[in-house]
Amino acid sequence: MNWEVIGSYLPLYWKAMLLTLRIGWIGIVFAILLGVLCAIVRFYKIPVLSQLAGVYIEVFRNTPLLVQLFFLYFALPKIGIPIRADFCGALGLALLGGAYMAETFRSGLESVAGIQTESALSLGMNKSQVVTHIIFPQAFARSVPSFVANIIFLLKETSVFSAISLMDLMFTAKDLIGLYYKTTECLTLLVVFYALILIPVSVLGDRLERRVRHAEFGD
Amino acid sequence: MPNLGIEVLFKGTNMARLLGGLWVSLRISLIAVGFSVLLGIPLGIIMTAKSKVIKAFTRLYLEVVRVMPQMVLLFIVFFGTTRIFGWNLNAELASVIVFTFWGTAEMADLVRGAFISIPKHQYESAKALGMNSLHVFLFVILPQTIRRLLPLSINLVTRMIKTTSLVMMIGVVEVLKVGQQIIEANRTSSPNAAFGVYGTVFLLYFIGCWPISMLSKYLEKKWSNT
């Protein structure tokens, strides 16, 4: 292990990590929005939209992100829809994540509906009150563990961005290995930087889970 | 209507080559699934043990797999270990190793989860009815565990099939790589081949994974209230 080499590579990896994080968090935010939207559409069985959301969810849950990105990045320009690489990365992540989040949140909604709705209605709440005060808070609380798992999954999936020539951690590592053959140093840095991104998310996720579990059972 | 580049698929043996590429990814994932199930089930049972040492080790293993992207693991095994230990590893074998390492952790976690989800009173009631430990395990615990485990492990299979698409990044010639080759070879005669070829790959993955995940969903629903 050559520490000088590691020192000189650090800025490159740092830059790459910032790119991963930037695209990652944009993608994840939109994934959550899209997922919640699709889940609501599916849950209330809004005609047409519900079927469309269903097809979207199945298609994106059953194909790998790498193939989705290839399609978005290389195939769409051929039919006249050119797309920038970083935008494509965020879009791919949002579409993939949206499909996963939708399923998660819908099962959360389904698990609180039923008796809870009936009780709230019989207490004299109107429909929108039931949704905002009863169903949604509990559904969110129940979905948190899977949301966290999905976010970790999505952050890990960002490692395929190098395929559409975004200069992320994977790309940097591969590039440097190809240039200087410092394989051990490059791979060590790669592991360290991914750990830097993902361990805090994993720890924070555990904390959040414990807090909302508290919220779910009251007290 | 722009040219969609679908005609490329019907030229020569292109379609057969694509399917051949798909078979390469499928083969890797199926071998890895096989090993993961074989290794994951005993590991999962070991993980239900109360020993602190076992817990610490398995926890570490699961966290590593949970946090590291599969692509990083692929790079470590394919570029890293070959460099450090000086052995020769072909890309396909490296992929099988990585996906087995990953799948075993996932499978073990599912097995552990299924076992601890069986409430304690099931054991106690069965004992109270005069069954011995073997009978309790075989006739009471195992059937319920399998019902909880099977849908989830089928789901894991689709995830592994999808994740094998990454192996092209370490140079395995699978369906995406074959697609790239076809597009490159027909660059002049059909410049829009990328649309047709990548669209087909997209569809092939969907056709492969969708029925499996439907089966998983169906089993989960069927067994959920028993």
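It should be noted that the structure appears before, not after, this text.
The rules behind each value
- Residue positions are given per chain, counted from 1 along the sequence in the order it is written.
- A letter from A marks each chain and a number from 1 marks each ligand, given out in the order of writing.
- Local features in a predicted model are, by the rule used here, given only for residues with pLDDT of at least 70; side-chain atom pairs are given and counted only at 80 or more, and totals for whole chains, interfaces and linings are based on all residues.
- Here the side-chain values reflect all heavy atoms present in the structure, with hydrogen atoms and water set aside.
- Only DSSP runs of H or I with at least four residues qualify as helices, and only runs of E with at least two residues qualify as strands; both kinds are numbered from the N terminus onward.
- Only protein chains enter the accessibility calculation, which uses a 1.4 Å probe; a residue is then buried when its area is under 20% of its type maximum, exposed when over 50%, and partly exposed in between.
- Any carboxyl oxygen of Asp or Glu within 4 Å of a side-chain nitrogen of Lys or Arg constitutes a salt bridge here.
- Contacts are residue-level and defined by heavy atoms, with any inter-residue pair within 4.5 Å sufficient.
- Each of two parts loses accessible area, computed with a 1.4 Å probe, when they are put together; buried area is these two losses added.
- Within 3.5 Å is the distance limit for a polar contact, defined as a pair of N or O atoms, with the added protein rule that one can donate a hydrogen and the other accept it, and that residues adjacent in sequence qualify only through two side-chain atoms.
- Under the scheme applied here, ten amino acids are nonpolar (Ala, Val, Leu, Ile, Met, Phe, Trp, Tyr, Cys and Pro), four are charged (Asp, Glu, Lys and Arg), and all others, including Gly, are polar.

(A) Fine view of the overall build of chain A. Each helix and strand in chain A was counted, giving 8 helices and 0 strands. Traced from its N-terminal end to its C-terminal end, chain A shows the element sequence α-α-α-α-α-α-α-α. Judged by the C-alpha coordinates and their principal axes, chain A covers about 70 × 50 × 20 Å. When each of the 219 residues of chain A is scored for burial, the buried share is 50%.

(B) Representation of the pattern of salt bridges. By the definition in use, this model includes 12 salt bridges over all chains. B:R59 is the salt-bridge partner of B:E63, the closest N and O atoms lying 3.6 Å from each other. Residue B:E63 and its partner B:R59 are located together in helix α2 (residues 52-67), separated by 4 residues, close to a single helical turn. When salt bridges with common partners are traced through the structure, they connect A:E58, A:E103, A:R106, A:E110 and B:K217 into a single cluster.

(C) A look at the side chain of A:T183. By the element assignment, A:T183 lies in helix α8 (residues 183-216). Filtering out sequence-adjacent residues up to four positions away, A:T183 remains in contact with A:I177, B:F79, B:G80 and B:R83.

(D) The arrangement of the environment of B:G40 in detail. Its location among the elements puts B:G40 in helix α1 (residues 14-47). B:G40 sits 168 residues away from B:G208 along the chain, and the two C-alpha atoms are 24 Å apart.

(E) Geometry of the interface of chain B and chain A. With 40 residues of chain B at the contact, the number on the chain A side is 38 residues. When chain B packs against chain A, close to 3600 Å² is buried across both sides, 72% of that on carbon and sulfur atoms. When the buried area of chain B at its contact with chain A is split by residue, B:R66, B:F195 and B:F202 rank highest and sum to 18% of it. Our count for the chain B to chain A interface comes out at 2 salt bridges. Inspection of the region where chain B meets chain A yields 12 residue pairs in polar contact (both at pLDDT 80 or more). The set of elements that each furnish at least two residues to the side of chain B that touches chain A consists of α2, α3 (70-85), α7 (175-185) and α8 (193-223) of chain B. Broken down by element, the side of chain B that touches chain A gets its largest block of residues, 13 residues, from α8(B). Classifying every residue of the side of chain B that touches chain A by side-chain character gives 27 nonpolar, 7 polar and 6 charged.

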